[in-house]
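# Commentary on secondary and tertiary structure
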Amino acid sequence: MKKFHMPTAYTILFILLIAVAAATWIIPAGAYQRQGEDQTPAAGSYAPVEQQPQGVGDVLLASFEGFYDAVDVALFILMVGGFLGVVMKTGAIDAGVSNIIRLLGGREILLIPVLMVLFSLGGTSFGMWEETMAFYPLLIPVFVAAGYDPLVGIAVVLLGSGTGVLASTVNPFATGIAAGFAGVSLGEGLLLRLLMLVVFDAAAIWFVMAYARKIRANPEKSLTADLPQRFTPRRGGEVPALTGRRKLVLAIFTATFLIMIYGVIPFDDIGAPLPALNWWFPELSALFMASGMLIGLLYGMGEQETLDAFVAGAADLIGVGFIIGISRGITVLMDSGRITDTVLYWGERSLEGSGSVLFILLVYLIYLPLSILIPSSSGLATLSVPIMAPLGQFAGISGALIVTAFQSASGLVNLITPTAAVVMGGLAFGGVPYDRWVRFVWKLILIFLLITLGFLAVSAVL
């Protein structure tokens with residue numbers, strides 16, 4: 001009997017596209033009335049509309065339309081790839097990684113809690129999520145070179161930032177937008193979210209470190225042990241020397257990431273006394289392109305060699321760009337089929353007449369499938385919170401707790417759903433099939449789910 005092999009990320013996403021298209025033939029089409037500049041749906045205004053079933057042609061076009069919607073993210077990925085192509089050509093990364101491992105002297109596992117806390121702070125404060133795509137090709141080789149597997153590097157970035165987003169304390173793109181629609185301030189519910197952040201961070205760090213220790217002691221227990229290894233540990237003689245030029249490259253390399261992080265932090269929204277640059281993907285793409293050119297020229301590579309390295313690096317990541325476009329196509333099909341509001345309406349109906357504890361738990365559970373269908377946290381907040389928050393008032397639930405339930409569900413789903421471009425893109429960087437990630441992370445997802453239900457139930461009673 002032929003052994004089953006998990007389909008590639010592309011096939012999984014196309015299967016989901018077909019499933020969503022099929023759903024548009026079965027689920028009744030409907031729409032809420034929109035109000036205000038943000039076109040937010042009004043609770044109780046849902047009405048059926050003409051059915052818009054999506055056919056074969058719509059499925060084929062959805063990926064392209066999704067790619068048009070996500071072209072800014074895709075171009076950012078290509079520019080990061082080009083930037084890394086130039087940096088890798090200089091040998092500075094290999095030299096720097098070798099130095100880090102030598103300095104740690106067998107204590108490389110300490111990188112896990114340090115990096116995960118840093119990524120978590122970025123996730124909880126300014127929603128650092130798509131921006132982490134730039135860190136996968138940087139950190140995965142570091143952990144592999146230290147004797148771990150690609151899953152450890154992926155988990156440090158994805159679970160680090162993802163845990164921060166899950167417990168978004170002042171994240172303006174999830175908590176901020178949702179709080180505005182719920183009619184509460186960003187500070188309401190902050191203590192609960194801070195407590196959740198500490199608990200989730202501790203659980204995630206323990207989980208990743210336990211796996212890392214296990215596979216370093218017994219490499220055959222790695223979930224990727226039977227896969228072709230894209231990255232291999234370096235031997236001492238293979239590592240280039242850390243020369244003055246390579247130190248300059250690493251300095252520019254580090255400065256580029258620091259500038260990126262500063263550029264995307266909305267200091268004005270979170271009340272920090274620093275000027276906000278309000279950068280997003282166009283500016284970040286330009287930053288990485290300029291830094292790549294600068295590094296190549298300062299290293300003495302010349303115009304042609306620099307451009308060749310940049311183009312080759314961008315080509316290595318073009319598959320990740322395709323994945324991002326295809327995943328956006330799922331939302332395109334739902335909106336075109338006019339079933340997004342219907343799914344939301346079903347959630348609204350299921351909450352009627354619930355007590356406070358049952359209500360908030362149902363809100364959280366309803367948000368789990370909604371987050372799969374609508375992976376954008378800001379988009380989901382705009383669609384759903386104006387409906388959920390008024391319902392919560394009848395059940396004696398504050399708007400702040402509705403916001404916490406929304407962001408916790410959205411953040412949890414985004415750690416594992418194949419509709420999240422960051423998940424599929426990060427796995428593509430590491431050459432790890434989706435099923436291996438599910439096998440790795442499902443226990444932690446279950447832990448997060450149970451902890452969140454406990455926090456919400458206790459908060460509804462207090």
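Residues numbered from 1 in each chain as written. Predicted model: local features only at pLDDT ≥ 70, side-chain atom pairs only at ≥ 80, totals over all residues. Heavy atoms only, no water.

### Details of a nonpolar patch on the surface
There is a patch of nonpolar side chains on the surface, built from Tyr10, Phe14, Ile318 and Phe322 and spanning about 350 Å² of accessible area. At the level of secondary structure, the elements contributing two or more residues to the nonpolar patch comprise α1 (9-26) and α14 (318-336). Mapped onto the fold, Phe14 is located in helix α1. The partly exposed category is assigned to Phe14, whose relative accessible area is 36%. (Patch = residues over 30% accessible without salt bridge, like charges linked within 9 Å, V, L, I, M, F, W, Y side chains within 5 Å. Areas by Shrake-Rupley, 256 points an atom, 1.4 Å probe, with all protein chains shown as cover. Salt bridge = Lys/Arg side-chain N within 4 Å of Asp/Glu carboxyl O. Helix = DSSP H or I, 4+ residues; strand = E, 2+ residues; numbered from the N terminus. Buried < 20%, exposed > 50% of the residue type's maximum accessible area, 1.4 Å probe, protein only.)

### Considering the nonpolar core
Ile112, Val152, Leu159, Trp437 and Phe440 are the most contacted members of the largest nonpolar core, which has 141 residues in total. Here the element with the most residues in this core is helix α9 (residues 190-217); it accounts for 13 residues. Setting aside residues no more than four positions away along its own chain, Trp437 makes contact with Leu151, Ile154, Ala155, Leu158, Leu159, Leu415, Ile416, Val423, Leu427 and Val432. (Core = buried A, V, L, I, M, F, W, Y, C linked by side-chain atoms within 4.5 Å. Contact = heavy atoms within 4.5 Å.)

### Some thoughts on the environment of Met301
Residue position: Met301 is located in the loop between α12 (281-299) and α13 (302-316). Sequence separation between Met301 and Ala460 is 159 residues; the distance between their C-alpha atoms is 62 Å. If we ignore the near neighbours within four places in the chain, the residues touching Met301 are Val86, Lys89, Thr90, Gly296, Thr306 and Ala309.

### Digging into unusual backbone geometry
Positive phi values are uncommon outside glycine, yet Arg338 reaches one of about 60 degrees. Relative to the assigned elements, Arg338 resides in the loop between α14 and α15 (340-350). Look at Arg338 and you get partly exposed, because its relative accessible area is 33%.

### Examining the environment of Lys221
The residue Lys221 is located in the loop between α9 and α10 (244-264) in this model. Note on Lys221: relative accessible area 46%, which makes it partly exposed. Residues Lys221 and Tyr211, spaced 10 residues apart in sequence, show a C-alpha to C-alpha distance of 9.4 Å. Ignoring any residue separated from it by four or fewer positions in sequence, one finds Lys221 in contact with Lys214 and Ile215.

### Quick notes on the packing of aromatic side chains
Summed over the entire model, instances satisfying the criterion amount to 13 aromatic pairs. Taken together, a centroid distance of 5.1 Å and an interplanar angle of 75 degrees make the contact between Phe83 and Phe288 edge-to-face. Residue Phe83 is found in helix α3 (residues 71-90), and its partner Phe288 is found in helix α12; the two are separated by 205 residues along the sequence. The exposure classification of Phe83 matches that of Phe288, with both residues buried. When the centroid spacing of 5.5 Å and the interplanar angle of 65 degrees are considered together, the rings of Tyr367 and Phe406 count as edge-to-face. Residue Tyr367 is found in helix α16 (residues 356-373), and its partner Phe406 is found in helix α18 (residues 399-413); the two are separated by 39 residues along the sequence. On the basis of relative accessible area, Tyr367 is assigned to the buried category, the value being 0%. By way of ring pairs, the aromatic residues Phe76, Phe83, Phe253 and Phe288 are connected into one cluster. (Phe/Tyr/Trp six-rings, centres within 6.5 Å; stacked < 30°, edge-to-face > 60°.)

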